Every structure is written in structure tokens, then in C-alpha cells.
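Observations on chain architecture
So the chains spell out like this:
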Amino acid sequence: MLTDNKPGQKELLMGNQAVVRGAIEAGMQVAATYPGTPASEIGDTFSEKAKTCGYYFEYSTNEKLAFETALAGSWSNLRSIVSMKHVGLNVAADALMSSTYGGTIGGMVLVIGDDPSFFSSQNEQDSRNYAVFAHIPCLEPTCPQDTKEMVKYAFDLSEQFHLPVMIRLTTRTAHCSGSVEFSDIKDNTKQPLFTRDKLRKAALPAHAYQLHPDLMKRFQALEDYIETSQWIKMELKGKKGIIANGLTMNYVKEVLKYENLDDISLLWLGFTNPLPKKTIETFLRHCDQVLVAEELDPLTEKTVKNIAFDQKLSVDIHGKDLIPSIYELNTSILQKAISGFLNRPSSVSFTGTPIPFNIIPPRYPVLCPGCPHRATFYAIKRVFPKAVYPSDIGCYTLGLQPPLNAVDTCVCMGASIGLGAAFSKFLPEKVVCTIGDSTFFHTGLPALANAVYNQSKLTVVLVDNSITAMTGQQPCPSCGLNSLNEPTIPILPEKIAEAMGIEMIRIVNPLHVQDTITTLKEVSTYDKTSFIVSRSPCCMIEGKKDKRVFIDPDKCNGCAICVKTFGCPPLTWNEDMKKTSIDESLCNGCGACIEICPQHAIM
Amino acid sequence: MKDYNIILCGVGGQGTILASKIIAQTAVRLGVNCRVGETHGMSQRGGSVVSHVRIGDNVLGAITPENQGQMMLAFEPVESLRYMNFLEPNGWVVLNTHPIVPTSVNAGLAKYPAMKTIDAELRKATNRIKAIPASEIANSIGSIITLNMVILGAASCVPGYPFSADETKKSIQELVKPAYLELNIKAFESGVTAFNQ
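Below: a short report on this structure. (Residues numbered from 1 in each chain as written. Chains lettered and ligands numbered in written order. Predicted model: local features only at pLDDT ≥ 70, side-chain atom pairs only at ≥ 80, totals over all residues.)

Across its full length, chain A holds 20 helices and 20 strands. Taken over the C-alpha atoms alone, chain A extends approximately 80 × 65 × 55 Å along its principal axes. Burial statistics for chain A: of 603 residues in total, 54% are counted as buried. Considering only intrachain contacts with a sequence separation of at least 6, the fraction spanning at least 24 residues in chain A is 78%. (Helix = DSSP H or I, 4+ residues; strand = E, 2+ residues; numbered from the N terminus. Buried ≥ 20, exposed ≤ 12 C-beta atoms within 10 Å, placed from the backbone. Contact = placed C-beta atoms within 7 Å.)

All names here are of chain B. Tracing the chain through its elements places Asp 57 in the loop between strand 3 (48-55) and strand 4 (69-74). Classification of Asp 57 as exposed rests on a count of 10 C-beta atoms within 10 Å. Along the sequence, Asp 57 and Cys 34 sit 23 residues apart, while their C-alpha atoms lie 8.0 Å from each other. Contacts of Asp 57, omitting those with residues within four sequence positions, involve Met 1 and Asn 33.

Residue and element names in this part refer to chain A. With an omega of 10°, the peptide bond running from Thr 37 to Pro 38 counts as cis. Relative to the helices and strands, Pro 38 is located in the loop between strand 2 (30-33) and helix 2 (40-53). Residues Pro 402 and Pro 403 are joined by a peptide bond in cis, for which omega reads 5°. Summarising the element assignment, Pro 403 is placed in the loop between helix 14 (372-383) and helix 15 (415-426). For Leu 296, which is not glycine, the phi torsion reads 60° and is therefore positive. By C-beta crowding, Leu 296 is classed as buried, having 21 other C-beta atoms within 10 Å. A positive phi is found at Gln 473, a non-glycine position, where the angle reads about 60°.

Once that is clear, we can look at the packing of helix 11 (residues 277-286) of chain A against helix 12 (residues 299-310) of chain A. All names here are of chain A. Where helix 11 meets helix 12, the axes come as close as 10 Å, and the angle between the chain directions of the two elements is 70°. For the element pair helix 11 / helix 12, the angle class is roughly perpendicular. Relative to helix 12, the crossing made by helix 11 is right-handed. Counting all contacts with helix 11, which are made through Lys 277, Ile 280, Glu 281 and Leu 284, the residues of helix 12 involved are Val 304, Ile 307 and Ala 308. Class assignment of the residues belonging to the contact of helix 11 with helix 12 gives a composition of five nonpolar, no polar and two charged. (Axes fitted to C-alpha atoms, helices over the stretch in contact; angles between N-to-C directions. Parallel < 35°, antiparallel > 145°, perpendicular 65-115°, else oblique. Left-handed = near helix turned anticlockwise from the far one by under 90°. Nonpolar A, V, L, I, M, F, W, Y, C, P; charged D, E, K, R; others polar.)

Right, let's talk about the packing of helix 15 of chain A against helix 16 (residues 437-453) of chain A for a bit. Residues and elements named next belong to chain A. In the contact formed by helix 15 and helix 16, the axes pass within 8 Å of each other and the chain directions differ by 15°. Classified by the interaxial angle, the pair formed by helix 15 and helix 16 is roughly parallel. As helix 15 packs across helix 16, the resulting crossing turns out to be left-handed. Across the interface between the two elements, Ile 417, Gly 418 and Ala 421 of helix 15 pack against Gly 444, Ala 447, Leu 448, Asn 450 and Ala 451 of helix 16. For the contact of helix 15 with helix 16, the per-class residue count stands at five nonpolar, three polar and no charged.

A separate point is the environment of A:Pro274. Residues and elements named next belong to chain A. Inspection of the secondary structure puts Pro 274 in the loop between strand 12 (271-273) and helix 11. With 94 residues separating them in the primary sequence, Pro 274 and Cys 368 have C-alpha atoms 45 Å apart. Sequence-distant contacts of Pro 274, defined by excluding residues within four places in its chain, comprise Phe 219, Leu 222, Glu 223 and Ile 226.

Moving on, we get to the interface of chain A and chain B. With 48 residues of chain A at the contact, the number on the chain B side is 52 residues. Residue assignment for the side of chain A that touches chain B shows that the elements contributing at least two residues are strand 1 (10-14), helix 7 (171-174), strand 8 (176-181), helix 10 (248-258), helix 13 (331-342), helix 20 (561-566) and strand 19 (571-574) of chain A. Of the residues belonging to the side of chain A that touches chain B, the class tally is 23 nonpolar, 18 polar and seven charged. When strand 8 of chain A meets strand 2 (residues 34-38) of chain B, the two strands line up antiparallel, connected through two bridges. Note that in strand 2 of chain B the partner of A:Ser177 across the bridge is B:Val36. (Pairing = 2+ DSSP bridges.)

All names here are of chain A. An ideal rise of 1.5 Å per residue puts 18 Å on 13 residues; helix 3 (residues 63-75) measures up with 18 Å between its terminal C-alpha atoms. Most of helix 3 is tucked away: ten of the 13 residues are buried. On its buried face, helix 3 sits against strand 2, strand 3 (56-59), strand 4 (80-85), helix 4 (86-102), strand 5 (108-114) and helix 8 (198-201). Taken from the residues just after helix 3, Asn 77 is the one with a positive phi, measuring 70°. (Expected span 1.5 Å × (residues − 1).)

Attention now goes to the nonpolar core. Core analysis: the biggest nonpolar cluster contains 157 residues, and B:Leu73 and B:Ile151 have the highest contact counts within it. The element best represented in this core is helix 6 (residues 147-155) of chain B, accounting for seven residues. Setting aside residues up to four positions removed in sequence, B:Ile151 forms contacts with B:Ala19, B:Leu73, B:Phe75, B:Val94, B:Asn96, B:Ala134 and B:Gly191. Residues A:Leu367, A:Val461, A:Val508 and A:Ile551 belong to the second largest nonpolar core, which totals 67 residues. (Core = buried A, V, L, I, M, F, W, Y, C linked by C-beta atoms within 7 Å.)

Moving on: the sheet that holds strand 16 (residues 459-464) of chain A. Hydrogen bonding along the main chain pairs the strands of a sheet, whether they run parallel or antiparallel. Residue and element names in this part refer to chain A. Read across the sheet, four strands follow the order 15-16-18-17 without closing on themselves; strand pairing throughout is parallel. In this open sheet, the two edge strands, each paired with only one partner strand, are strand 15 (432-436) and strand 17 (504-508). Put simply, the sheet's adjacent strands are angled 20° from each other on average, direction ignored. By the bridge criterion, five bridges tie strand 17 to strand 18 (residues 530-535) in an arrangement that is parallel. Looking at the pairing, Arg 506 lines up with Ile 532 of strand 18. Relative to the sheet, helix 14 contacts strand 15, strand 16 and strand 18, its axis offset from that of strand 16 by approximately 160°. Here helix 16 sits on the sheet and contacts strand 15 and strand 16; the angle it forms with strand 15, its principal contact strand, is near 130°.

All names here are of chain A. Spatially, 9-11-10-13-14 is the arrangement adopted by the five strands of the open sheet, whose pairing is mixed. Edge positions in the sheet fall to strand 9 (232-235) and strand 14 (316-318), since each has one partner strand and no second. Each strand of the sheet is rotated relative to its neighbour by a mean of 15°, with strand direction disregarded. Pairing between strand 10 (residues 240-245) and strand 11 (residues 265-269): five bridges, direction parallel. Within strand 11, the position partnered with Ile 242 by the bridge is Leu 266. Relative to the sheet, helix 10 contacts strand 10, strand 11 and strand 13 (289-293), its axis offset from that of strand 10 by approximately 145°. Contacting strand 10, strand 11, strand 13 and strand 14, helix 12 crosses the sheet at an angle of about 155° to strand 13.

Structure follows, in C-alpha cells:
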């Protein structure tokens, strides 16, 4: 068990679970998050273990609020942790950038899940840039064991330098499982204590002005301190050396092993902000040729080159000339880079049998069978076939796939209403945007106020499935369950819309397709901001319904409207029969397709 | 221990993640170094999914380099092709013969290849293919949810697979809810039988 106080016990843990174990071992008392892949399981695990372990946990409504919750924990002299995906840090950045001046009190750890190669994200920003930007320490693990140890270390470091400490994970460390050895669990029953200190806690211009030199002093002290850190490992061997950060060293070492190269000097940087300048200088003085291996941006490479320039070293430094600065790295990319760097051919082939892409049908992720979002999009397309469709971040972004084609834009959380309101002011087309309930509470609220205030003509369709579905069904304010899945009062989006002064508010059940179409038609001629709540619970919570849905082959005339406009996965087109049938093992029994068939063949 | 890399591929929702975990749990219990690499999120339902279980002293990264996989567990036929570049020459494939037709095919935008085409393409990478009707076996036992256990049962029979059937069953016991244990063990045994037929 993740919470066992049994030092020496070994368990199979995912990187995200190792974060939680590390925090529990460190006596953490406050944890907050907003779910986002690849960091979601951190919050899930915190939620699951909160009662057993006795710390405070919340799903905040966005990442900025999660950061502020953790900062409040720290300022109450408690150890606190906040986790989010990389783009969440853009939302939390406002709080982060100013929190460093006054600094933290109880240790505060910020866990970020970066997503190189876009497994589940809209960009692949390198969050180390924020660590540099905010002058905070950044650590990058190689495996779940490191992750756990780094989290513990980060709490101590935060308390020593009064800075939030970033642990930067990527999909490959967050979702990598391996054996983790437990250490003992520290007490987490410290009493909270707030100390009034306006200079450090109230960032007025005059206060921040005084504190900036203090921040720089702390950061300078940190730079000296990390030279001897356990998270920096140097092995001096031959004159050719490789510097690699975090998990990139895994790929480097695998290549060296496969290729039987044992004379390469290595410098591993588990600490990636600040960088250990003296250690790097020693490494550069030892080597005559160095390769800097890092995923995404050349942050380490630039520092290494600066050091060589400042110290007038004549070492030959390579990096992004041999290693791509986009997408995640892997062993075979490193093999090519190292072989270019050493100017020798590879001895092991990492080229497999070519994939016959021409015969493999694409298998895009799709809305689940029975997902109410599909029915909402279907109705929108029937009533507004030529509208502009801004959408948002969530399962419903998949409404962009054929055959629905009902999503035109997706930028960031809340942007559906932001863009939609503006489009409605200057485009001739009707603008109909879709946003989920969790996203609405995240950043949709100020956007809706803006839409009403600036007199938009936008139709907002709130696809309310009463859950944060995409990231694994976490509770959110509309669902009536709190962060520990206990009952609480749900916040109804329609009441918010009403309070904002929207006059056209309608609530529909999207699985009643014809009723939804009728309601949307009513809205189609309205020229102020309108708000439709399309409410039906996520089919993953509801589970399979008892209803058996099937197609009468005698009534089906093969018009294929169901597969070509609705496209629920169980609807299977039979090319020989020229008719549709339903794969009952996939069907959820929602019955929405019954109303779609013009021949009434689905029943 | 010599490195042994396993590629598990299929469609989101088929249970590849639990299957990966059961293999890795066995390694951890026996004190063998291992890494599991997987992706979650967007492809949770209905998308193409792959996970890697890497076992052995030299393993560090979560993802198998291309051409270095000793075994592939393909939960869906066409998905075996999408990841066949990871297989070493003549690596083992346990192939579930039951297709899941993607919506792109239903919408008329693509074609699902014939089984003999899939087989012929896969044979460019390996001749060690054990095709079993794993979905049908799971359904006949009582639930498609046990598909992953049927495939694990067959995997445990592959020559060179690093763990015994008994050790794998112990991990199933550790990770599956007691109420479903009997059903899952039955599915595992059926996978063993199917491999040996």
C-alpha cells in the first residue's frame, strides 16, 4: 500500500504516485491540484489517501487557485504541494511570479507535468523556462524512485531558501512505473501558524522593491549550494563528454551500453535550475568535445556555452545541432546524435520493420459510445449547419472529428467563450461555442461576464456532464461532490448565467435529440448572449444502461445517415449488406440514435 | 537478467494498462529491475494505445527502442501493425484476432484490412505469431473485461517469457479485486490452453 509506514518495502509505483508517496514521507499537510494529463494521477492519489493520511486536499477550480491554496498552506507554516500539467502553469504563473519575492515559509513544492510530443496537450512548452523566469529551483527525475526522493528533498530545499521548488515531470516520468523503496513517514500533525509580516506577504510596489535584492541573494546562495547536490553526478573519463538533464540521461546511458562505449565522460543534471556553473566548468576543462543532451529548449546548452565563453575555454560544444528541439527524445534519437557527435557509425540497429501505414486505418480517439456530447454536437449541426464553432479543452474537443465536425477552434481553457464573444461581434455567421462544466468554472466565468458586458451575440452551449471527464472523472463544482467525493451543494451554471443578466437561458437533455433541436431553433434568431445548458451525466459514471438498442434490417434502407452524421462507435456499416447494424458489446444503450434514424429502423 | 521488452498495444479501454501492471508487479516482487511506459488521457477510450514493459538489469528508459522488443501482445489485429517496428527480428507476437473497427472506417474514410493482409504484413517482421480468438474466449468465460487475462495467459507460454504462470497468477491475485479473482484466473488459464492448442 502506498501509505504503509514500512521503510524498506518496495512497491510498483507510477511517477505520479511516487510524487504522492514522497510528499507523505515528507509530512506534507496541504495538497491542491487541477487535473490535467500527464499529472492527473497525482491529484487522484492525493484525493484517495487524504482521509487515511489526514492532510488537506482540494481539487481547486483552476491551477492559479491550486497554487494559491498551496501558498496559503506554506504561509500557515505547513508543508504544501501543488500539481498541474504544463499549460496549467500559464494560468498559475501570475501567483508564482510574485510569490517568490516574499518567499515561502512551510516547504512548498510545485509539480509540473510537461508533455513533449503532445500526447494529450495543445502545446509542448518547456516549463523549465518558468523556473528560470521566476528564479525558483527546478529538479528533473529519471525514474519513480528519484521522483519520490526529489519531492522529499524539495520540501527541505524550499524551507532552506524560502522558494517554491519545481519538480518537472514529463509524460515519460509521470507515467513511467517502476520499483520504489519506501522510507519512514514523517509526522504531519504540525499546528498551522500565521505570522503577520506585511513586507513579505503584501506585494505592494514598495515592498516588492525592497524584496527583489533579497530574492536575488537567495537565488545566488542556491547557486552555490547546489554544486555539491546529490542531484548532480559527474563521471570524468575520456575527453569526449555528454551533459544530460533529467531522464535524457536514461537514453544516453542506454546508447552507451548498447554501443559498448565506456570511455565517455558524463555529467547528469537532476538539478536544472539553477545550473551548477562550477561543476560544468570543471567538466568543460576536462573534455575537449561536449554534447549537451536535453529535451525541447536549449536551456542547459546556452548556459554551458556561456560558461565556456566567460572562461575562455576552447572546448567544442554541441547540442541542438545534433538533437531536435521539438518532440520527446528517445534512445534511437540519442543514438543518432551520439553517433554524429563521435563521428562513428552505430553498431546496433534501432530501425525496425517499416510500418505499413498505407493499409492501417486511422484510429483517432473518439467520444465514448453513449457520450451525451455527441448528441449535443449533432443537434447543433442540424440547427446551425454554417455557424462558427469555437470550443474548449475537454472530451468535447473531439467534436472536431468527422463525422461531427462541430469544433473549429481550441486554444486554451475558457477560450471558447472568449473567442466566441469576439467572433460574434465582427463575423456575419452565427457563433455557437461549446464548453464543459469543469472548464466553465476554470476560466469560463470571467469570459462569460465579458461576453455579456460587451453585448456579444454568442450562443454558449454548456455541455454539462457534471464531471471533469477527460482526465479521469474527477469531481467539479457542478457535480455535488467535493474533492474527497463527499456530498456537497452543486453550483448550477444556469444560475450564474442568470445572475450575469443573460435573458435567454435554456436547459436541455441532449439525449432527447428532437427536443434539443427545437430549443436550439428558438435560440437561433436571438441576437444577444444566450446560454444553453445541455445536461446529461458522463456515460463513464452512469455506466451501461439496461436498454437494448438494435436496428431492424428490414426497415434500414441504407441511407447511412447514422454513421455519416452521428458516428457512435457501435453503429457499424456493413459494406456487403449496405446497411448499418449495432455492435451490442460496445453499445451503452443511451438511445440517442433512435431519434436520428429517418426510417425509424433503430429501436 | 537479460533485457526483455514487451510491447502491449490495442484500443483504449481494452485493459492493456492493467496487463502491463501485472507483468511489472511480478518483476518488482521478484526483485527484477523494470520500467513501464504508457500514455493516458486523450486516447483513454477508443483511441490507439501502446504500453511498454521493460524488464532487465540494463533497462533505464520507459520506452523500448525500435527493433528491440522480444514480444508483442496485440489486443487488436490492426494495432499489431501500428507498432510492429518495435519488434526484434522474429520476436514473438500474441495476436487477438477480434477486430475493433475504427469510426474512420464506419464513416467510409478508410478501409479495415483483411486478416490475411494483416498476417502477411506482420510476417515481414516475424513468423512467430500466435493468433488466438482472445475476445471470443473472454466473452465465453463471461466478460470481455477478462480479455487482458486471456492474453497474459497466452503470453506466459511464449518461449523466453521471463516469469512462470504461477508467478503471474500471484500478481493477478495481488492486483485484481477479490470478487473478480476467480473469473480472471479462469481467463488466464484459458489463455494458456489457447496457446497450447
